[in-house]
Amino acid sequence: MDRLLEVDCARIALQQQLEALATRAREGGEKIALYRNPKSDSYKRAIEGGSSKGDLADKAKEIQGDLNACKMERKELEEQEKPILEEFDSLMLLIPQPADPDVVVGKDDADNVEIRKVGTVREFDFEPKDHVQLGTDLGIVDLERGVKLGGTRNYVLKGDGALLHQAVIRLAFDMMIERSFTPMFVPVLVREEIMYGTGYFPVGRDQAYLCERDEKSLVGTAEVPLTAYRSDEILSAGELPLKMVAMSGCFRREAGAAGKDTHGLYRIHYFEKVEQVIICANDTELSKEFHQEILANSEAVMQALELPYRVVNVCSGDLGQGQVQKFDIETWMPSRKSYGETHSASRFYEFQARRLKLRYRDQNKKMRFCHTLNNTVIASPRVLIPILELNQNRDGSVSVPSALRKYMGGKELIEPKA
RNA sequence: GGAGGAGUGGCCGAGCGGCUGAAGGCAACGGUUUUGAAAACCGUCGUACGGGAGACCGUACCGGGGGUUCGAAUCCCUCCUCCUCCGCCA
C-alpha cells in the first residue's frame, strides 16, 4: 500500500513533466507548420507579405533544433515512466476492496457468524450410508472410472444419478426464470482480461485451468461471463438492474487443497452450476436490497428441495479480494456431520465494474460504475450429497424429493438395478 | 487452416501527414413556438488523467501494441475483432 502511494506520486510527477514537454513540442510543431507547410494560410500570407521561402525554411530549422532536443528528453522520461507504470498497474490489481462496515471482523471461516437455521436435521433410526456408498450401491455414481478418465477429483454420474443432476439444475433454472431473471447461455472459455476484470486474476490465477496456447482460461463459475457480459459498455439508467441467470460448467484446479475433502463429490474439478448475477445502479442501499433478494432466491430453492441449511455471515478474513460482504448457505450433510458450503452470495460495490469498465449514465447524465452481485442458485453434484444422504431409506433406496419428480419422468424412488 | 475486405464519438458516417477531438446525419438533452403533441427553428451534446476555489487550462485517446516523422485518425509493422469466399467439422 505504501509502495503504491510512492509509485503513484512518482507517476504523477513524471506525467506532469511529460505533459509540459508535449505542450512545448506541439507549440513548436505548429510554428514549423506555419513556416514550412505551403498549404497553410499563414505560409501563404508570409509569402505574400514578402518573406522569401529561404527565410521561412531557416526559421523552421531553428525551431527544429529545439524540437529534436525536446524529443530526446521525452524519450528519456518515457523510459523512466515505463517501469513505474508497470509497477503501478500490477499493484493496483492487488488492492482489495475494503469490506462493508457491518461485516464481522474475523480471521477465517471459523469466525463466520450464523444468521439463521432453516429446516430440521434428520435423525436416522438406522445406520445411514454416505453418498459415495449410496451412489455406488445404486449404480448412479462411479468415482473409480471417473478418476480413470479425468484423474483425481473426477467422477461419473450414471442413470438416475445423471438424471438427478439435471433435475436439480432444471429446477433451479426454472425457479429463477419465474423470478424474472433472464436465462443466458455463455462462454466458459474466456479471454484473460475477463478474468482480471471480474477479480479472479491475478490473485486466483493458480486456481484456473489455462489454455495458454490461446491465452484463454476456463471459468470457475458463470459469474465471470455474466458479470462481464456488458463490460466496456455504457448502459442507460433505464436498463438497470440487469438480472441474469446461467447454467455453466465450472472448472477448478483446487490448487493448494491437496488431500482436503478428497472424499466423494464434495470438492471436484468439474461441476455444473446455476448462477445468478445482478448488475445494478451505484447505490449502497440498493445493492444491499438485491443482496437479500439473491440470498432469498437461493433459499427458496433449498426449501423446495426440503434441505436443512443455515445462512452464515462471512467474516472479513474469509472475504475475497473484491467482496464487500458475503453470505454463505451451508447445507446439512450427514456424512460430514456438519453444514457444508453449497452457496455463496457476494456483493462487490464497484470493484468488478471498475475493472470491467462497466458503467451507466445516471439521471444527471453522469457516468457511474455499476454495482455487481452474484449468488449460487444450485451447484451439482455437490448438492447431491445432502439430497442422497438425507433422502435415503433403510433398504438403500433413495426417495426423490417431490420438487424434482417432474424433471425425472415422475420417478419417486431410486432403487438399485436388480 | 487458406485468400480477400473492414474496424472513426450512444448509433450511422466524412476524413487531405500540420489550422482535426475529429465534418455531416440520427438519437438525446435544454429552449422558442403550440391548448397539448408533432413539425420547424436556436442551443448543448465523448472519456480518462493532471492543474485550478472557479469560469476554465493542459495531456492522452479514431480496435490494441509498437515504429517512421518536428508533427499520425491519415504512412509502416504486429496482434485482436468482424465480414465475404474456399477448406474442415459437432
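Along each chain, residues carry numbers from 1 onward, in the same order as the chain's sequence is written. Just so you know, chain letters begin at A and ligand numbers begin at 1, following the order they were written in. Only residues with pLDDT of at least 70 get local features here, since the model is predicted, and only at 80 or more are side-chain atom pairs given and counted; chain-wide, interface and lining totals rely on the full set of residues. In computing side-chain values, all of the structure's heavy atoms are included and hydrogens and water are not.

(A) Here's a closer look at the overall build of chain A. Looking only at helices and strands, chain A features 12 helices and 18 strands. Here the C-alpha radius of gyration of chain A, 30 Å, is well above what a compact globule of 418 residues would show, namely 22 Å. Each principal axis of the C-alpha distribution contributes one length, and for chain A these read about 110 × 50 × 40 Å. Buried residues are those whose accessible area, probed at 1.4 Å on protein chains only, stays under 20% of the maximum for their type, while exposed residues exceed 50% and partly exposed ones sit between those limits. Counting all 418 residues of chain A, 46% fall into the buried class. For chain A, the proportion of contacts with a sequence separation of at least 24, taken over those separated by at least 6, is 72%. Across chain A, the 58 positively charged side chains and the 66 negatively charged ones have centroids separated by 4 Å. Numbered from the N terminus, helices here are DSSP runs of H or I no shorter than four residues, and strands are runs of E no shorter than two. In this setup the radius of gyration rests on C-alpha atoms only. A globule is expected at 2.2 Å times the number of residues raised to 0.38. The criterion used for residue contact is that any of the two residues' heavy atoms lie within 4.5 Å. In this tally Asp and Glu are treated as negative and Lys and Arg as positive; neither His nor the chain ends contributes. Where a charge lies is defined by one atom per residue type: Lys uses NZ, Arg uses CZ, Asp uses CG and Glu uses CD.

(B) Just the confidence of the model for chain A, in detail. Model confidence for chain A is summarised by a mean pLDDT of 91, while 96% of its residues fall at 70 or above. Taken over the whole predicted complex, pTM reads 0.91, whereas the ipTM for its chain interfaces reads 0.84. Values of pLDDT, the confidence the predictor places in each residue, fall between 0 and 100.

(C) Structural view of helix α9 (residues 284–304). Working rule for helices: expected span equals 1.5 Å times residues minus one. In this model α9 runs 30 Å from its N-terminal to its C-terminal C-alpha over 21 residues, within 8% of the 30 Å that 1.5 Å per residue would give. Taken as a whole, α9 has its buried residues at Ser287, Phe290, His291, Ile294, Leu295, Asn297, Ser298, Glu299, Ala300, Val301 and Met302. Counting of polar contacts relies on pairs of N or O atoms within 3.5 Å, with two restrictions inside protein: one atom must be capable of donating a hydrogen and the other of accepting it, and residues adjacent in sequence are counted only when both atoms are side-chain atoms. Put simply, aspartate 283 is the residue that caps the front of α9, since its side-chain oxygen is 2.9 Å from the backbone nitrogen of glutamate 285. Where α9 ends, the next residue or the one after it, glutamate 306, has phi of about 60°, a positive value.

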